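Residue-level listing of the chains:
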Amino acid sequence: MIYRMVCEACAKPPICVFDSGIGGLNLLYECMRRLPHENFAYFADNYRVPYGNMTQDELFGLTCGVFNKMQRLSPAAAVVACNTVTALCIDRLRERYPFKIIGIQPAVKPAAAEGECIVLATKATAESGAVEELVKRFGRDRTRVFQCRELAAYIENNIFSLDEKAVSDLLPNVKADEVVLGCTHYAYVKNFIKKRYGCKIFDGIIGTANHVAKIFGIESHCATTCRKISFFGGNTVKNRTILKFLIKEGANYFALKR
Ligand code: DGL
């Protein structure tokens, strides 16, 4: 737990949140709600989405490019708001960079505790050793992982006009008691997925935001209004617009219409 007793919001280093594109804005939003006095910087790479069909070396190369820029801000911590990068690169990132790096993982443990569960993820995440290990440890022999190769790119490219049928066509045709969202982009179509499978949905966003909040604690004596949210890389106009929607609508993703 990090305590800071002095009000210095404008000067203090930001918590840097990173995703390939818009998916991580969900996690940024949840972290902002929990830590109203922290500065945040959002790093995205929207023009290269999807990351989920890349190899580990490609991903690591791109992510290091982003992390090198991040390092110049002397971040309070980096939050990898991307299941794909967490699954394939987090150990290598932790070896290379001196600051604290927090990742996100599919919420297999709570979901599998309740019944037959499916994990929806990118190709790279689904094929990763990290997710195989997670399923082996917490999946209770009733967890299956499915790749949704085109879903993240569809969401990234159509965020203001998401279509229920188009999303449904990109989902595996299986039955489940629980669905785990193994990609932060999928949160924007949570309600479509819930309807499609008729069951409870789990994602790692809330758990990760709670973890970040626990590390930073609640700050004292600092005006919310003086904190800074900055954007780096990718399509800043789009990312900023979506974050404004999330703040205004309280993560009611269906409201993302222009
Ligand atoms: N949002 C990312 C994830 O959580 C990756 C999406 C993509 O770029 O394929 O896996």
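Everything here concerns the structure above.
Let me sum up the structure you'll find in this document. Along each chain, residues carry numbers from 1 onward, in the same order as the chain's sequence is written. Note on the predicted model: pLDDT of at least 70 is required for a residue's local features to be given, and 80 or more for side-chain atom pairs to be given and counted; whole-chain, interface and lining totals, by contrast, use all residues. With hydrogens and water excluded, all non-hydrogen atoms of the structure serve as input to the side-chain values.

### Things to note about the packing of helix α2 (residues 56-71) against helix α3 (residues 83-96)
Stated precisely, the cut-off is as follows: Axis geometry follows a simple rule: fit a line to the C-alpha atoms, using only the stretch in contact for helices, then measure angles between N-to-C directions, giving values from 0 to 180 degrees. Helix and strand labels come from DSSP, where a helix needs a run of H or I of at least four residues and a strand needs a run of E of at least two; each type is numbered from the N terminus. Each angle gets one of four labels, with under 35 degrees taken as roughly parallel, over 145 as roughly antiparallel, 65 to 115 as roughly perpendicular, and the rest as oblique. For a crossing to be left-handed, the near helix must be turned anticlockwise from the far one by less than a right angle; the clockwise case is right-handed. Any pair of residues with heavy atoms lying within 4.5 Å of one another is described as a contacting pair. Charged means Asp, Glu, Lys or Arg here, nonpolar means Ala, Val, Leu, Ile, Met, Phe, Trp, Tyr, Cys or Pro, and polar covers whatever is left, Gly included.
Packing of α2 against α3 brings their axes to within 10 Å, and their N-to-C directions diverge by 55 degrees. For the element pair α2 / α3, the angle class is oblique. As α2 runs across α3, the sense of the crossing is right-handed. Between α2 and α3, the residues in contact are Gln56, Asp57, Leu59, Phe60, Thr63, Cys64 and Phe67 and Thr84, Val85, Leu88, Cys89, Arg92, Leu93 and Arg96, respectively. Residue composition of the contact of α2 with α3, by class: eight nonpolar, three polar and three charged.

### What about the packing of aromatic side chains?
Ring pairs (aromatic) are described by centroid distance and by the angle formed between their planes. Basically, it comes down to this: Note on ring pairs: Phe, Tyr and Trp rings are taken, using the six-membered ring of Trp, and paired if centres are within 6.5 Å. Classes follow the plane angle, with under 30 degrees stacked, over 60 edge-to-face and the rest tilted. Only protein chains enter the accessibility calculation, which uses a 1.4 Å probe; a residue whose area is less than 20% of its type maximum is buried, one above 50% is exposed, and one in between is partly exposed. For a lysine, the NZ atom is tested; for an arginine, the CZ atom; a charge sits over a ring if that atom is within 6 Å of the ring centre and within 35 degrees of the ring normal.
All told, the structure shown has eight aromatic pairs when counted by the stated rule. Both rings, one in Tyr42 and one in Phe231, keep their centres 6.1 Å apart while their planes meet at 65 degrees; by these two values the pair is edge-to-face. Separated by 189 residues along the polypeptide, Tyr42 in strand β2 (residues 40-44) and Phe231 in strand β9 (residues 229-232) bring together distant segments of the chain. One exposure class covers both Tyr42 and Phe231, and it is buried. A centroid spacing of 5.7 Å and a plane angle of 35 degrees characterise the contact between Tyr97 and Phe99, whose relative ring orientation is tilted. Tyr97 gets classed as buried once you look at its relative accessible area, which sits at 4%. Phe99 sits in the buried class, given a relative accessible area of 11%. Between the NZ or CZ atom of Arg92 and the centre of the ring of Phe60, over which it lies, the distance is 3.9 Å.

### Examining the pairing of strand β7 (residues 178-181)
Operational definition: Two strands make a pair as long as DSSP finds a minimum of two bridges between them.
Going residue by residue along β7, you find Glu178 and Val180 tucked away on one face and Val179 and Leu181 tucked away on the opposite face as well. Bridge count between strand β5 (residues 117-121) and β7: four bridges; the pairing is parallel. Looking across to β7, one finds that Ile118 is bridged to Val179. When β7 meets strand β8 (residues 200-203), the two strands line up parallel, connected through four bridges. The partner of Val180 across the bridge, within β8, is Phe202.

### Focus: the sheet that holds β2
In space, the five strands of this open sheet follow the order β4-β3-β1-β2-β9, with parallel pairing throughout. Each having just a single partner strand, β4 (101-102) and β9 make up the two edges of the open sheet. As paired elements, strand β3 (residues 77-80) and β4 share two bridges and run parallel to each other. Paired with Ala78 across the bridge in β4 is Ile101. Running at roughly 175 degrees to β2, helix α1 (residues 24-34) makes contact with β1 (15-19), β2, β3 and β9 of the sheet.

### Some words on the environment of Phe192
With respect to the element layout, Phe192 can be found in helix α9 (residues 190-197). Between the C-alpha atoms of Phe192 and Ser168, which are 24 residues apart in sequence, the distance is 7.4 Å.

### Re the site of the ligand
The following threshold applies: We call a residue near a molecule or strand when any one of its heavy atoms sits within 4 Å of it. N or O atoms closer than or at 3.5 Å make up a polar contact, with two conditions inside protein: a donor-capable atom paired with an acceptor-capable one, and, for residues adjacent in sequence, both atoms drawn from side chains.
The immediate surroundings of the ligand are formed by 14 residues, with Ser20, Tyr51, Gly52, Thr84 and His185 found nearest. Here Gly52 contributes a backbone N or O atom positioned 2.8 Å from an oxygen atom of the ligand. Its residues placed into classes, the shell around the ligand shows six nonpolar, seven polar and one charged.

Geometry only, nothing functional implied.
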